[in-house]
Amino acid sequence: MNVKELVAIDIHTHAEEPCGTHPDDGYDDLQAAMAVYFNQPNNRPTIEETASYYRERKIGAVIFPVDAERETGYRRYPNEEVAEKAAANSDVLIPFASIDPAKGKTGAREARRLIRDFGIRGFKFHPSMQGFYPNDRSAYVLYEAIAEARVPALFHTGQTGVGSGMPGGAGIRLKYSNPMFVDDVAVDFPEMPIILAHPSFPGRRKHCRWPNISRTSISTCPAGPPNTFRRS
Ligand SMILES: [Zn+2]
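Rules used in this analysis
Residues numbered from 1 in each chain as written. Predicted model: local features only at pLDDT ≥ 70, side-chain atom pairs only at ≥ 80, totals over all residues. Helix = DSSP H or I, 4+ residues; strand = E, 2+ residues; numbered from the N terminus. Contact = placed C-beta atoms within 7 Å. pLDDT = per-residue confidence, 0-100. Buried ≥ 20, exposed ≤ 12 C-beta atoms within 10 Å, placed from the backbone. Pairing = 2+ DSSP bridges. Axes fitted to C-alpha atoms, helices over the stretch in contact; angles between N-to-C directions. Right-handed = clockwise from strand over helix to strand, strands pointing away. Arc of directions from axis to C-beta. Parallel < 35°, antiparallel > 145°, perpendicular 65-115°, else oblique. Left-handed = near helix turned anticlockwise from the far one by under 90°. Nonpolar A, V, L, I, M, F, W, Y, C, P; charged D, E, K, R; others polar. Core = buried A, V, L, I, M, F, W, Y, C linked by C-beta atoms within 7 Å.

Caption draft 1: A look at the overall build of the protein. Secondary structure summary: the protein contains 9 helices and 7 strands in total. The contacts of the protein with a sequence gap of at least 6 include a subset with a gap of at least 24, amounting to 73%.

Here's what the structure looks like:
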């Protein structure tokens, strides 16, 4: 990747269909509901399609899957495959990985292997989809592996379109994505760069206290962020 030829880098794109196999039962329904919520009929581009889209616009993109198989029951897409496809499009794509913190030491070992052997440059967490509080101490063994490599951890925060409009929100619970739970993580892992995805509250200004925290501005609400965010 030659960053001088890029006009920007999008640090948050999802790999939804990297392996091209048929999704698990129910996954089509979840994706169909999200397509309505985001008003995006083609919401499952392949990694190659994502690369082409960004290449045409001279924009780089961080891309990752979400390992939520324990909480949602939907099959996990392999981090290795995402990394290999990103490597084949390395002029525009930067691979992050996703590991459910519930995998404990197994997950920490996977993280170290992915960084060492697959060029993984960071890790995505989606607390609502993965069903965990970011400050749950059981996640710390995985954070230790990430922190020792000094690569960033990107946390979804706030509202999510996943499960929107489905009965019971498809079991997705917003409480896990309260950004204040990341506060403990920032305190306990000062050497780990943390990215808070999306405007969310509380903590929008409080998090500015920690030098290892940064925040993205993209909204998960199709109507755009509330005016309070636009003004602040
Ligand atoms: Zn995301």
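Caption draft 2: Quick look at the confidence of the model for the protein. For the protein, per-residue confidence averages 86 on the pLDDT scale, and 86% of positions sit at 70 or higher. Within the model, the stretch residues 221-232 combines pLDDT values under 50 with 10 contacts to residues more than four positions away or in other chains.

Caption draft 3: Expanded view of unusual backbone geometry. Not every positive phi belongs to a glycine, and arginine 150 is a case in point at roughly 60 degrees. Arginine 150 sits in the exposed class, given 9 other C-beta atoms within 10 Å. Residues other than glycine seldom take positive phi values, yet alanine 170 does so here, at roughly 55 degrees. Mapped onto the fold, alanine 170 is located in the loop between strand E5 (153-156) and helix H8 (181-188).

Caption draft 4: View of the pairing of strand E2 (residues 59-64). Among the 6 residues that make up E2, 5 are buried, leaving the element largely enclosed by the rest of the structure. Across 5 bridges, the pairing between strand E1 (residues 8-14) and E2 is parallel. Bridging across to E2, histidine 14 finds its partner in phenylalanine 64. Direction of pairing for E2 relative to strand E3 (residues 93-95): parallel, over a ladder of 3 bridges. Paired with valine 62 across the bridge in E3 is isoleucine 94.

Caption draft 5: Highlighting the sheet that holds strand E6 (residues 194-197). If you walk across this open sheet you meet the 4 strands as E4-E5-E6-E7, and the pairing is parallel. Looking at the sheet topology across the chains shown, the edges are occupied by strand E4 (123-125) and strand E7 (213-215). Each adjacent strand pair in this sheet contributes to an overall mean axis angle of 25 degrees, direction not counted. Sheet analysis places E4 next to E5, joined by 3 bridges and oriented parallel. Its bridge partner being in E5, lysine 124 is matched across the sheet by leucine 154. Packing against the sheet, H8 makes contact with E5, E6 and E7, and its axis sits at approximately 165 degrees to E6.

Caption draft 6: The pairing of E5, seen in detail. Of the two faces of E5, the one holding Ala153 and Phe155 and the one holding Leu154 and His156 are both buried throughout. Since E5 and E6 lie parallel, the crossover through H8 that links them has a hand, and here it is right-handed.

Caption draft 7: Helix H4 (residues 79-87), seen in detail. Within the span of H4, buried status applies to Asn79, Val82, Ala83, Lys85 and Ala86. Angularly, the buried residues of H4 cover 165 degrees about the axis, an arc narrow enough to put them on a single face. In this structure, the buried residues of H4 make contact with helix H2 (47-56), E2, E3 and helix H5 (104-118).

Caption draft 8: Summary view of the packing of H5 against helix H7 (residues 140-148). Following both chains from N to C, one finds H5 and H7 inclined at 15 degrees, their axes separated by 8 Å at the closest point. Taken together, the axis directions place H5 and H7 in an arrangement best described as roughly parallel. Here H5 and H7 pass one another in a crossing that is right-handed. On H7, the residues that touch Gly104, Lys105, Gly107, Ala108, Ala111 and Arg112 of H5 are Val141, Leu142, Glu144, Ala145 and Ile146. Considering only residue class, the contact of H5 with H7 consists of 6 nonpolar, 2 polar and 3 charged.

Caption draft 9: Layout of the nonpolar core. Ranked by internal contacts, the top residues of the largest apolar core, which has 43 residues, are Ile63, Phe123, Ala153 and Ile194. Met34, Ala68, Met129 and Val162 belong to the second-largest nonpolar core, a separate cluster that totals 6 residues.

Caption draft 10: Highlighting the sheet that holds E2. Read across the sheet, 3 strands follow the order E1-E2-E3 without closing on themselves; strand pairing throughout is parallel. Edge strands, defined here as strands with exactly one partner in the open sheet, are E1 and E3. Taking the axes of each pair of neighbouring strands and ignoring which way they run, one obtains an average angle of 25 degrees across the sheet. Along the sheet, H2 contacts E1, E2 and E3; its crossing angle with E2, the most-contacted strand, is approximately 155 degrees. The sheet contacts of H4 involve E2 and E3, and relative to E3 the element is tilted by about 155 degrees.

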